[in-house]
Amino acid sequence: MKQYDKGFYKKPHLLLKLVAEKQLTKTEYLLLDILLHLHNIFSGSKNKWFFCTDEYICSFNLISIKTLGQIKKSLSKKGYIQIKQGYSHVATKYKICFDVIENRNILSYNITR
């Protein structure tokens, strides 16, 4: 089994829960899901940065370049990802904040119970 088949993020249902509770929009969920898959391919462990171009993300034909820029800023403001924008012809550097995703779900679970 290859590394990206196993994956590092074992709780994808938490993302759907965030969408259901209106903490994530559907397009934010879509980008975060794509980034999680790319993280599994390009990164060696849970807390590492990985590089990816906007063109590669948009090559899946799910998000346009214009929408991608807006969603990246939104997810960054909400604390789900950290980004370091690459300069011309340099890929963007991404880090997924797994602890934020899991903590938001724990907090929302405690509030609703």
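Structure: see above.
The text that follows walks through the structure, step by step, so that each part is easy to find. Note that this is a predicted model, so its numbers are computed, not measured.

**Considerations on the sheet that holds strand S3 (residues 92–96)**
Read across the open sheet, the three strands follow the order S1-S3-S2; overall the sheet is antiparallel. Each edge of the sheet is formed by a strand with only one pairing partner; in this case those strands are strand S1 (50–52) and strand S2 (81–84). Neighbour to neighbour, the strand axes of the sheet diverge by 35° on average, direction disregarded. In terms of strand pairing, S2 meets S3 through four bridges, oriented antiparallel. Paired with Ile 81 across the two strands is Ile 96, which belongs to S3. The strands touched by helix H3 (residues 26–42) within the sheet are S1, S2 and S3, with S1 carrying the most contacts at an inclination of about 120°. Each of S2 and S3 is contacted by helix H5 (residues 65–78), which is oriented at about 125° to S2, the strand it contacts most.

**A look at the pairing of S3**
A one-sided burial pattern is seen for S3, the buried positions being Thr 92, Tyr 94 and Ile 96 and the unburied ones Lys 93 and Lys 95. In terms of strand pairing, S1 meets S3 through three bridges, oriented antiparallel. By the bridge assignment for S3, Phe 51 is matched with Lys 93.

**Brief notes about the pattern of salt bridges**
Within the structure shown, the criterion is met by two salt bridges. The closest approach of N and O atoms between Asp 54 and Lys 72, which form a salt bridge, is 2.9 Å. Of this pair, Asp 54 sits in helix H4 (residues 54–58) while Lys 72 sits in helix H5, and the two are 18 residues apart along the sequence. Its relative accessible area of 3% is what places Lys 72 among the buried residues.

**Regarding the packing of aromatic side chains**
The full count for this structure, using the stated rule, is three aromatic pairs. Here Phe 50 and Tyr 94 contribute two aromatic rings whose centre-to-centre distance is 5.7 Å and whose plane-to-plane angle is 25°, an arrangement assigned as stacked. Placement of the pair is Phe 50 in strand S1 and Tyr 94 in strand S3, with a sequence separation of 44 residues. Overall, the relative accessible area of 1% leaves Phe 50 in the buried class. On the basis of an interplanar angle of 75° and a centroid distance of 5.4 Å, the ring pair of Tyr 56 and Phe 60 is categorised as edge-to-face. Owing to a relative accessible area of 36%, Tyr 56 belongs among the partly exposed residues under this scheme. Taken together through their ring pairs, the aromatic side chains of Phe 42, Tyr 56 and Phe 60 make up a single cluster. A cation over an aromatic ring shows up here: Lys 84 above the ring of Trp 49, its NZ or CZ 4.7 Å from the ring centre. We note Lys 93 situated over the ring of Trp 49; from NZ or CZ to the ring centre the distance is 5.4 Å.

Conventions we followed
- Residues numbered from 1 in each chain as written.
- Predicted model: local features only at pLDDT ≥ 70, side-chain atom pairs only at ≥ 80, totals over all residues.
- Heavy atoms only, no water.
- Pairing = 2+ DSSP bridges.
- Helix = DSSP H or I, 4+ residues; strand = E, 2+ residues; numbered from the N terminus.
- Axes fitted to C-alpha atoms, helices over the stretch in contact; angles between N-to-C directions.
- Contact = heavy atoms within 4.5 Å.
- Buried < 20%, exposed > 50% of the residue type's maximum accessible area, 1.4 Å probe, protein only.
- Salt bridge = Lys/Arg side-chain N within 4 Å of Asp/Glu carboxyl O.
- Phe/Tyr/Trp six-rings, centres within 6.5 Å; stacked < 30°, edge-to-face > 60°.
- Lys NZ or Arg CZ within 6 Å of the ring centre and 35° of its normal.

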